[in-house]
Amino acid sequence: MTIYNEIITLLETAVKTVAADFKEKPFVWSSDKFFLTLPSNEKFGDYASNIAFFGAAFYGKSPRDLAKLIVDKLPRDKDLLEKVEVAGNGFINFFVAKKRVYEELKEILTTQNKYGQTAAGKGKNIQIEFVSANPTGPLHVGHGRGAATGDTLARIFNALGYTVQKEYYVNNIGNQMNILGRSVQARFAGKDIPDDGYKGDYIREIAEQIAADGRQMADENAFREYAIDTILGWIKKDLADFGVVFDNWFFENTLYEGKDLKKEITDTLNREYPTKTYEEDGAVFVKTTDFGDDKDRVIFRADGRPTYFASDIAYMINKFTGRKSPLDQVINIWGADHHGYVPRMEAVASMLAYKEKLKIILYQLVSLKRGKETVQMSTRSGEFVTLRQVLDEVGKDACRFFFLMRSPDSALDFDLELAKKHSSDNPVYYVQYAHARICSVFKEAVKNSLMLDAGSSKTETLNLLQEPEEMQLIKKLANFSKILADCARTYDPHWLTIYLQEVATVFHNFYTRHRIVTDNRELSLARLELIKATSIVLKDGLDLLGISAPSKM
RNA sequence: GCCCCCGUAGCUCAGUUGGAUAGAGCGGCGGUUUCCUAAACCGAAGAUCACAGGUUCGACUCCUGUCGGGGGCGCCA
């Protein structure tokens, strides 16, 4: 168990004991209130709890007095905690015993690349659907942010024991696809592309490819299918080069195969109460206003053709009822420009009684900068910056890191110049450099015949680590697992990018102040163990972000 | 008109379910290399947390309103 969780367990015991002492006033301590913060000021200890503030008013005591009661009931564990203090108005500050800190270091060295992983999500199935861009053109930078977010969340949930499935929903039917087909056909025939058509250079590219292949194209449909296949190929290649591989590609047209979708949707929605859909002017509406939407939505037009919303409902029904292993949670990652769609999708989820299982993450838009100049992006006009262009220019590592550096809620300014810079103001290189530095020290160590036996570090050796910078570094590494849990709880991977920068800072600081390879053989070995553990956490963290951990820079 | 996101140091941003003295990086200033990568480290300077109310023992955080920036609102996809 992590230090963090061990302290929580102790706190929980203490709080329950205190509550039992107030039999006539049984205050319900909700377990989600048992949290510890990581104080910025070290005089507040390694972990701090504000638990005493919650029951204070209820018991008519000051938080400080309640905190004292809790601390009195706290099981003593000298091997875990060196000191517990009540401070300020009622904070409980925990100072971790050195012995426990060394144990944690040993734990990292023993578990190696499994360190930080937990079984929190064991037996739970999560599906993350992301990117899902229409195959009407190459992916642009905005899709890159969705791809990085979804893929990294998938990796993190996986590390926490969940079974994760990554899915891409392909809109391969409908009007836009027909327009795509006609656009390619027109280009192929050397005619003007229709006004509502796609005009990007890639349309010409597809047309030229058809010509070069000497392919026979029967009709507009043939052009459409060819274009979709080609573009999907590009998308897959771009994603692969971006480090993203989907488990499942779900095609919209399969929703319609051999089915009467109108019947299926209305029957499913109206299973319990036949009030969820209605007809008006020949069209079929879903009564999403019953669940907070602004207006009811059409799913089948008067002429019988389905809207996109019909497909989306059918797709949702498929996710929740049509899969081999039932999904415990379905996560959708959308660009913020789709936010207007959230209420209607949540309304349908509510009708199906799956609201609790659906999580929609919106990420704000990306604006690309080159120096001070902002690059405008628009798919329709054909003038946009593709993910491919950015990948080619700044590389996968910088690209992913930049996308993951900010909370999805914040609009992202992506500075191409900064991402390319090989200097300290580029945070990607800062973190990677810490890893490379460690690898470099190990080369030096080998020259001095200093070698570590993997996983066989001795406690008496680790005990030699007494410097504040050394303790600080181990303690920082010990929070890796908590950070991953935070990312999962908030569906936000940016905590990890911040954390890795902090690990790098603490390491660089240690490195500058203390030599690792010295004449003192035992101390050198102890420090090598420490930086070995550091490199493990850095490497694992970067892996979760889909970023390489170079051994040389 | 309605909806969503944002407004924190000169600049770019952290600040996770409300908690202690609001933190980094960059830029600027001053230092650090006989020694494992200076793509690094240290120090001082720099903030009316957009503004005004409210809730609370406690608000950058929650609520209401105003202002400013961005995005979105179709029987389009």
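The structure presented is a predicted model; accordingly, all values stated were derived computationally and were not measured.

A look at the sheet that holds strand β3 (residues 81-87)
Point 1. Reading across the sheet, the 4 strands line up as β1-β2-β4-β3 and stay open at both edges, with antiparallel pairing between neighbours. Of all the strands in the sheet, just β1 (36-37) and β3 have a single pairing partner and so form its edges.
Point 2. Two elements, strand β2 (residues 47-49) and strand β4 (residues 91-96), share 3 bridges in a ladder whose sense is antiparallel. In the sheet register, A48 faces β4, and the bridge partner there is N93.
Point 3. On top of the sheet, helix α3 (residues 63-73) reaches β3 and β4; it is set at about 160 degrees to β3, its chief contact.

A few points about the protein's contact with RNA strand B
Point 1. Around RNA strand B, 58 residues are found, and the nearest of them are K43, F91, Y433, S440 and R515.
Point 2. Restricting attention to atoms of RNA strand B within 4 Å of the protein, one finds that 62% of them are sugar or phosphate atoms.
Point 3. H514 places a main-chain nitrogen or oxygen 2.8 Å from a base nitrogen of RNA strand B.
Point 4. When residues of the surface near RNA strand B are traced back to their parent elements, those giving at least two are β4, α6 (175-188), α15 (427-447), α18 (480-490) and α19 (494-513).

Quick look at the domain arrangement of chain A
Point 1. Domain assignment breaks chain A into domain 1 (3-96) and domain 2 (423-545).
Point 2. Taking only C-alpha atoms into account, the centre of domain 1 sits 31 Å from that of domain 2.
Point 3. Listed per partner, the contact involves 6 residues of domain 1 and 4 residues of domain 2.
Point 4. Across the domain 1 to domain 2 interface the summed buried area is about 450 Å²; carbon plus sulfur atoms make up 60%.
Point 5. The largest share of the area that domain 1 buries against domain 2 comes from Y4, L38 and D46, three residues that together contribute 62% of it.
Point 6. At the junction of domain 1 with domain 2, the criterion picks out 1 salt bridge.
Point 7. Close ionic contact of D46 with K475 constitutes a salt bridge, the shortest N to O distance being 2.9 Å.
Point 8. Between domain 1 and domain 2 we count 2 residue pairs in polar contact (both at pLDDT 80 or more) in total.
Point 9. Taken together, the residues of the side of domain 1 that touches domain 2 break down into 5 nonpolar, no polar and 1 charged.

A short note on the packing of helix α2 (residues 52-59) against α3
Point 1. Direction vectors running N to C along α2 and α3 enclose 110 degrees, while the axes themselves pass 8 Å from each other. Comparing the axis directions of α2 and α3 gives the class roughly perpendicular. Two packed elements cross with a definite hand, and for α2 against α3 that hand is right-handed. Taken together, the residues of α3 that come into contact with α2 (itself represented by A52, F53, G55, A56 and Y59) are P63, L66, A67 and I70.
Point 2. Grouping the constituent residues of the contact of α2 with α3 by class yields 8 nonpolar, 1 polar and no charged.

Looking at the pairing of strand β8 (residues 277-280)
Point 1. Here β8 pairs with strand β9 (residues 283-286) via 4 bridges, running antiparallel. By the bridge assignment for β9, E280 is matched with A283.
Point 2. Counting the residues that bridge the hairpin from β8 to β9 gives 2 residues, and of these D281 lies at a positive phi of roughly 50 degrees.

Quick notes on the nonpolar core
Point 1. Grouped together as the largest cluster of nonpolar side chains are 141 residues, with contacts concentrated most on F414 and L496.
Point 2. Ranked by residue count, the leading element in this core is helix α20 (residues 521-545), at 12 residues.
Point 3. Looking at this core, you find at least three residues from each of domain 1 (3-96) and domain 2 (423-545).
Point 4. Sequence-distant contacts of L496, that is, excluding residues within four places in its chain, are made with I156, F480, I483, L484, C487, G541, L544 and L545.
Point 5. In terms of nonpolar packing, the next biggest core, distinct from the first, is built from 30 residues, A310, I313, Y354 and L358 among them.

Notes on the sheet that holds β8
Point 1. Spatially, the 3 strands line up as an open sheet ordered β8-β9-β10, and their pairing is antiparallel. Unpaired on one side and paired on the other, β8 and β10 (297-300) mark the two borders of the sheet. Across this sheet, the average inter-strand angle for adjacent strands is 40 degrees, counted without regard to direction.
Point 2. Running over the sheet, helix α9 (residues 261-269) touches β8, β9 and β10 and is turned about 135 degrees from β10.
Point 3. Of the strands in this sheet, β9 and β10 are in contact with helix α10 (residues 308-321), which crosses β10 at around 80 degrees.

Remarks on the pattern of salt bridges
Point 1. Under the counting rule described, the total for this entry stands at 31 salt bridges.
Point 2. In this structure, the salt-bridge partner of R513 is E469, at a minimum N-O distance of 3.6 Å. Taken together, the positions of R513 in helix α19 and E469 in helix α17 (residues 468-478) put the pair 44 residues apart, joining distant regions of the chain.
Point 3. For R513, a relative accessible area of 56% gives the class exposed.
Point 4. We classify E469 as buried; its relative accessible area is 12%.
Point 5. One connected set of salt bridges, linked through shared partners, spans K237, D238, D241, R388 and D392.

Considering the packing of aromatic side chains
Point 1. Applying the stated criterion across every chain, the model contains 23 aromatic pairs.
Point 2. Summarising the aromatic geometry, the rings of F309 and Y341 are spaced 6.0 Å apart at their centres and angled 85 degrees between planes, so their arrangement reads as edge-to-face. With F309 in helix α10 and Y341 in the loop between β11 (329-335) and α11 (342-351), this residue pair connects regions lying 32 residues apart in the sequence.
Point 3. Given a relative accessible area of 3%, F309 falls into the buried group.
Point 4. One aromatic cluster is present, built from ring pairs that chain together F130, Y168, F246 and W249.
Point 5. The ring of F242 carries R400 above its face, with NZ or CZ at 5.5 Å from the centroid.
Point 6. Stacked on the ring of F442, the Lys or Arg K532 has its end atom at 5.9 Å from the ring centre.

Procedures and definitions
Residues numbered from 1 in each chain as written. Chains lettered and ligands numbered in written order. Predicted model: local features only at pLDDT ≥ 70, side-chain atom pairs only at ≥ 80, totals over all residues. Heavy atoms only, no water. Pairing = 2+ DSSP bridges. Helix = DSSP H or I, 4+ residues; strand = E, 2+ residues; numbered from the N terminus. Contact = heavy atoms within 4.5 Å. Axes fitted to C-alpha atoms, helices over the stretch in contact; angles between N-to-C directions. Near = heavy atom within 4 Å. Polar contact = N/O pair within 3.5 Å; in protein donor to acceptor, adjacent residues only side chain to side chain. Domains from an automatic or database assignment. Buried area = accessible area lost by both parts, 1.4 Å probe. Salt bridge = Lys/Arg side-chain N within 4 Å of Asp/Glu carboxyl O. Nonpolar A, V, L, I, M, F, W, Y, C, P; charged D, E, K, R; others polar. Parallel < 35°, antiparallel > 145°, perpendicular 65-115°, else oblique. Left-handed = near helix turned anticlockwise from the far one by under 90°. Core = buried A, V, L, I, M, F, W, Y, C linked by side-chain atoms within 4.5 Å. Buried < 20%, exposed > 50% of the residue type's maximum accessible area, 1.4 Å probe, protein only. Phe/Tyr/Trp six-rings, centres within 6.5 Å; stacked < 30°, edge-to-face > 60°. Lys NZ or Arg CZ within 6 Å of the ring centre and 35° of its normal.

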